[in-house]
Amino acid sequence: MATARKPAANLSEITQRISPASLKREFQGNDPANERTLHVLQWNILAQGLSNPRRNFARVKDETVAFATRKWRILEQILVNQPDLCSLEEADTYECFLKHHLPNYGYTCFFTPKPKSPCFVFQNDVANFKGPDGVLLCYKTHLFEEIQRYQYEQSEDNTSGKPFFAALELKHNPSSTNIVFVGTHLKAKKPFAHLRASQTQAILQYLSERYSQQSHVIIAGDFNGDSDEPFYDAIRQAGFSSAYRAFLNDQEPPFTTWKFREHDGVENEQCRTIDYIFYKPEGFAPVAILKLPSKEAIGPNGLPSNEYPSDHLAIETIFNIKS
């Protein structure tokens, strides 16, 4: 059984703005909570600009994703377990909201917006459009010294100009360990598996060229693909392991995203595992993961819900940093 992490002392300032209470989740494993512990959060928070139910979610009501309430649920879910490192995708609410709150809870942020964000398609939706979405990397300011930051922009085919990953090189002060943290959001939709593979190869090439001798590397993201796709094998062949797979009898969880879409009057259920935390096993050992809820716990309408603000479930891993 995992040791519960103490909530932030002033989290009540957020939770008092939220009703009903958010979906409860627990850790599986053990959290030693010492100077060699590293807690990583990966979460596609769902862009507010893409949250309109009439365009994206067949069973979701407007009030469920209303920005006035949903923004506080997002902030709560980022902070509730006090991760040391965060990779957040579809973070279109960074400039208008998260930028003004996360530093108050001890985080330094690095936001990489997408020049060709799909949110721009809905910029006439004045209630929901907040600007371009992108990848947001965060770290606890008191735990790390930032060495350098990097964002990559591809310049080929139809993803031209789209920055699909960002990276931070950090010194973890308690353990005196340099850590490379990569956050990514790969090309969506099943027909684009070949693009996800090429995007993954670009990430691996970046790491090979700059950090070939570095064992403390983590890649977290919404990969938009199942574990039977080429990108997944490429990452494993490059020496990375999946944190959740390590805990779940060599299998990924049943799903990290669950929603109902509608096209031409026909409802389509989408329930897949497409979010991952990969790590170099010579540098880290996962000691706990945040368990995924069942469909029954979420409710029949899928995600997002009145108790959870995104169509993706956050995944979190607590690592022991190896010497």
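Whatever comes next refers back to the structure up there.
To start, this report covers the structure provided alongside it.

Definitions and cut-offs
- Residues numbered from 1 in each chain as written.
- Predicted model: local features only at pLDDT ≥ 70, side-chain atom pairs only at ≥ 80, totals over all residues.
- Heavy atoms only, no water.
- Helix = DSSP H or I, 4+ residues; strand = E, 2+ residues; numbered from the N terminus.
- Buried < 20%, exposed > 50% of the residue type's maximum accessible area, 1.4 Å probe, protein only.
- Contact = heavy atoms within 4.5 Å.
- Axes fitted to C-alpha atoms, helices over the stretch in contact; angles between N-to-C directions.
- Parallel < 35°, antiparallel > 145°, perpendicular 65-115°, else oblique.
- Left-handed = near helix turned anticlockwise from the far one by under 90°.
- Nonpolar A, V, L, I, M, F, W, Y, C, P; charged D, E, K, R; others polar.
- Disulfide = S-S within 2.5 Å.
- Polar contact = N/O pair within 3.5 Å; in protein donor to acceptor, adjacent residues only side chain to side chain.
- Pairing = 2+ DSSP bridges.
- Phe/Tyr/Trp six-rings, centres within 6.5 Å; stacked < 30°, edge-to-face > 60°.
- Lys NZ or Arg CZ within 6 Å of the ring centre and 35° of its normal.

### Quick word on the environment of Phe67
Okay, step 1: Within the element layout of this structure, Phe67 appears in helix H3 (residues 67-79).
Okay, step 2: Here Phe67 falls in the buried class, since its relative accessible area comes to 16%.
Okay, step 3: Along the chain, Phe67 and Gln48 lie 19 residues apart, while their C-alpha atoms are 7.1 Å from each other.
Okay, step 4: Those residues in contact with Phe67 that lie beyond four places of it in its chain are Gln48, Thr93, Cys96, Phe97 and Lys130.

### Considerations on the packing of helix H5 (residues 193-211) against helix H6 (residues 230-237)
Okay, step 1: Taken N-terminus to C-terminus, the directions of H5 and H6 make an angle of 20°; their axes are 8 Å apart at the nearest point. Overall, the two elements H5 and H6 adopt an arrangement that is roughly parallel. Crossing of H5 against H6: the hand is right-handed. Across the interface between the two elements, Arg196, Ala197, Thr200, Gln201 and Leu204 of H5 pack against Pro230, Phe231, Ala234 and Ile235 of H6.
Okay, step 2: Counted by class, the contact of H5 with H6 contains six nonpolar, two polar and one charged residues.

### Here we look at the state of the cysteines
Okay, step 1: In total, this model carries zero disulfides according to the counting rule given.
Okay, step 2: No disulfide involves Cys86; its sulfur sits 4.9 Å from that of Cys138, the nearest cysteine.

### Some details on the side chain of His216
Okay, step 1: By the element assignment, His216 lies in the loop between H5 and strand S9 (217-222).
Okay, step 2: Since its relative accessible area comes to 7%, His216 is described here as buried.
Okay, step 3: Here Ser215 takes part through its side chain, which lies 3.5 Å from a polar atom of the side chain of His216.
Okay, step 4: Residues contacting His216, with those up to four places away along its chain left out, are Thr177, Asn178, Ile179, Val180, Gly283, Phe284, Ile321 and Lys322.

### Observations regarding the sheet that holds strand S5 (residues 134-140)
Okay, step 1: Read from one edge to the other, the open sheet built from seven strands follows the order S1-S14-S15-S2-S3-S5-S4, with strand pairing classed as mixed. The sheet is open, and its two edges are formed by strand S1 (27-29) and strand S4 (107-113), each paired on a single side. Going across the sheet, the axis of each strand differs from the next one's by a mean of 20°, ignoring polarity.
Okay, step 2: Pairing of S1 with strand S14 (residues 284-290) involves three bridges; the strand directions are antiparallel. Across the sheet, residue Gln28 finds its bridge partner in S14, namely Ile289.
Okay, step 3: Contacts from H3 reach strand S2 (37-44), strand S3 (85-89), S4 and strand S15 (315-321) within the one sheet, and its direction differs from that of S2 by about 155°.

### As for the sheet that holds strand S10 (residues 241-242)
Okay, step 1: Strand order in the open sheet formed by six strands is S6-S7-S8-S9-S13-S10, with mixed pairing between adjacent strands. Each end of this open sheet is capped by a strand with a single partner; those strands are strand S6 (144-152) and S10.

### As for the packing of aromatic side chains
Okay, step 1: By the definition in use, this model includes 25 aromatic pairs.
Okay, step 2: With 6.4 Å between their ring centres and 80° between their planes, Phe67 and Phe97 make a pair best called edge-to-face. Here Phe67 is found in helix H3, whereas its partner Phe97 is found in helix H4 (residues 94-101), with 30 residues between them in sequence. Each member of the pair Phe67 and Phe97 is classed as buried.
Okay, step 3: Pairing Trp72 with Phe97 gives two aromatic rings, centres 5.1 Å apart and planes at 90°, and the pair type is edge-to-face. Linking Trp72 in helix H3 with Phe97 in helix H4, this pair joins segments that are 25 residues apart in sequence. The residues Trp72 and Phe97 share a single accessibility class, namely buried.
Okay, step 4: What links up through ring pairs into an aromatic cluster is the set Tyr150, Tyr152, Phe164, Phe165, Tyr206 and Tyr211.
Okay, step 5: When the ring centre of Phe260 is taken as origin, the NZ or CZ atom of Arg59, which lies over that ring, is 3.7 Å away.
Okay, step 6: The ring of Phe192 carries Lys187 above its face, with NZ or CZ at 4.9 Å from the centroid.

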